[in-house]
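Examining the three-dimensional arrangement
Single-letter residue listing:
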Amino acid sequence: MSDGHEADRVKLPGEALGVDVDSVVVLDFGSQYSQLIARRVRELNVYSELLPFDTRWSEIAARKPAAVILSGGPNSVYEEGSPHPDPAIWTGGIPVLGICYGLHLMAQGLGGEVASFERKEFGPAVVTVIEQTGLFASLDPEQAVWMSHGDSIERLPDGFRPTARTDSTPYAAVADPDRRLYGIQFHPEVVHTKHGRDILRNFVVEIAGARQNWTPAHFVTANVEEIRRRVDAHSKATGTDGKVLCALSGGVDSAVAATLVHRAVGDRLICVHVDHGMMRKNETELLAKAFDQLGVRVIIVNARERFLRKLEGVIDPEQKRRIIGNEFIRVFEEEAAKLGEIAFLTQGTLYPDVIESATSDKEKSASKIKTHHNVGGLPDDMAFQLIEPLRYLFKDEVRAVGTELGLPDSMVQRQPFPGPGLAIRIIGEITEERLDTLREADWIVLDEIKAAGLYNEVWQSFAILTPIRSVGVMGDGRTYGNLVAVRAVTSEDAMTADWAKLPYEILARISSRIVNEVPGVNRVVYDISSKPPATIEWE
Ligand code: XMP
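The structure contained in this document is the topic of the report that follows. (Residues numbered from 1 in each chain as written. Predicted model: local features only at pLDDT ≥ 70, side-chain atom pairs only at ≥ 80, totals over all residues. Heavy atoms only, no water.)

With that out of the way, let us pick up the packing of helix 10 (residues 304-311) against helix 11 (residues 317-338). At a minimum axis separation of 10 Å, helix 10 and helix 11 run at an interaxial angle of 145°. The two elements helix 10 and helix 11 cross, and the hand of that crossing is right-handed. Residue-level inspection shows R306, F307, K310 and L311 of helix 10 in contact with helix 11, the latter providing K320, I323, I324, E327, F328, R330, V331 and E334. Class assignment for the residues of the contact of helix 10 with helix 11 results in six nonpolar, no polar and six charged. (Axes fitted to C-alpha atoms, helices over the stretch in contact; angles between N-to-C directions. Helix = DSSP H or I, 4+ residues; strand = E, 2+ residues; numbered from the N terminus. Left-handed = near helix turned anticlockwise from the far one by under 90°. Contact = heavy atoms within 4.5 Å. Nonpolar A, V, L, I, M, F, W, Y, C, P; charged D, E, K, R; others polar.)

The structure is reproduced here in structure tokens:
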């Protein structure tokens, strides 16, 4: 895409967002929790960015962050080749918080000593606070925390003193308040640390003095302005009407992105929804209605038969994904061509995608489990300029922005749904009849989950149509029917997930309704696998 590079270059928060916000830089040393730290800071209404550990100090300082946080990481600071930050970070005058490996970096970088620790701590622990000031101001003297470390501080650098300890380590937290340098051995970002949020708040807001001015309303106003300015400038320069195109999938991200852009450019936005026939029951109709009410122009392309034909006889999951991804692009291009000259394309890219694409290709290919086809993920050679208003947001922030924009809860709180849709929830061949069966079963799962008030509690809940048939008895007769599986998971970010411990009564209702209301199904099972080793979707 023509301005991909422009979007990737380093931007200061104010410049990127068009607003005056305070920010916190989180340096990523490879912890599985790095993103979570950035999210927790955002939850304090302070903008935060996750940057690679080797970002030069000049680049960090240019962002004028209120504070810097060093994440944990899998290495030992004394190992050769272990990741270290630019040492100028210790003398830059900006408050620094080191978490776990980040604490070790701080201790070592300032003249202390870190060594392998014989009493390694993994999991829950209790810390005793020595000084109820700084990070621990107004917090309990004894606190449950989450530990995960094999190394520990042996000797503190000059100027530091311990502020909390556990039975195993005298240095569970340390501080040099004069230089505003703080370190903690445990993980404040995970929910198991009781006062994790308060500790981060004490650091970011009280110690570093960051203003809590990162709000959805602020974001919407600034972005609407910025998008309008950009589109207007382009149409003025080219003498065109500056049309903006958006692929609407039915999910939260594209819906929020489209609504935001619509606020900025009104009728110059044209949305295209490709109905590939793999949507859930009534989904396309609901989408059309919601956007009609918002006054957004949506072209619904009924491409159901076309997709079904392409998928005939296909059972391999990756092949299904490829076919749907490619066909989607074709249909979308055909529709775009009918609309005349279009300058901009809106995409619902989120911050985690941006972080992810910053990792090396090697890393990515090594960890590829399945190809995620984001319907809306369009080819690089389309000659559009990109508008990606959600590029700096996490999912929960996208939902808050959606609410701010007046989108209905039914759309904003929607559970994630994969681009290839029901195609990867039908194991085996996809036919019209099997799609109908799954759609009905899926509807019942969601209906019951919603009725029980659990829809927002679980990350995803859905039905899967398996290729298994089994014997049953209905009335006085033998049946040989389909097996439907039900899956419901809890998760923070879809990277890991646990099966949801749904009450038996709800499972019973789902099961009995499916066998009674969905023709051809005589057996229902509940998937009790977590991720890993299973994945959330079955294909
Ligand atoms: P898995 O099944 O890999 O899924 O545990 C993790 C999350 O990603 C969603 N998912 C997809 N989303 N295109 C998408 O846009 C895809 O091809 C795709 N496959 C899985 C899945 O629903 C879950 O939220």
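Don't stop here, the text continues.
Our focus in this paragraph is the sheet that holds strand 5 (residues 113-129). Sheet architecture is open: nine strands sit in the order 2-1-3-4-9-8-7-5-6, paired in mixed fashion. Across the chains shown, the open sheet's two edge strands, defined by having one partner strand only, are strand 2 (47-52) and strand 6 (142-155). Averaged over neighbouring strand pairs, the angle between their axes works out to 20° when direction is ignored. Bridge count between strand 4 (residues 96-99) and strand 9 (residues 181-184): four bridges; the pairing is parallel. Bridge pairing in strand 9 places I99 opposite I184. Strand contacts of helix 3 (residues 34-43): strand 1 (23-28), strand 2, strand 3 (67-70) and strand 4, with the helix running at about 160° to strand 2, the strand carrying the most contacts. Contacts from helix 6 (residues 196-207) reach strand 1, strand 3, strand 4, strand 6 and strand 9, with the element oriented near 150° to strand 3. (Pairing = 2+ DSSP bridges.)

This part takes up the packing of helix 8 (residues 252-265) against helix 14 (residues 395-404). Relative orientation of the contacting elements helix 8 and helix 14 amounts to 45°, with a least axis distance of 10 Å. In this view, helix 8 runs oblique relative to helix 14, as classed from their interaxial angle. In this structure, helix 8 crosses over helix 14, and the sense of that crossing is left-handed. Along the contact surface, helix 8 presents V252, D253, V256 and R263, while helix 14 presents K395, V398, R399, V401, G402 and E404. Across the contact of helix 8 with helix 14, the residue classes break down as four nonpolar, one polar and five charged. (Parallel < 35°, antiparallel > 145°, perpendicular 65-115°, else oblique.)

Its location among the elements puts E388 in the loop between strand 14 (385-387) and helix 14. By relative accessible area, E388 is classed as buried at 14%. With 179 residues separating them in the primary sequence, E388 and G209 have C-alpha atoms 30 Å apart. Filtering out sequence-adjacent residues up to four positions away, E388 remains in contact with Q347 and T349. A polar contact of 2.6 Å, which involves the side chain of E388, links it to the side chain of T349. Side-chain polar atoms of E388 contact the side chain of R391, separated by 2.8 Å. (Buried < 20%, exposed > 50% of the residue type's maximum accessible area, 1.4 Å probe, protein only. Polar contact = N/O pair within 3.5 Å; in protein donor to acceptor, adjacent residues only side chain to side chain.)

Just geometry here; none of it tells us what the structure is for.
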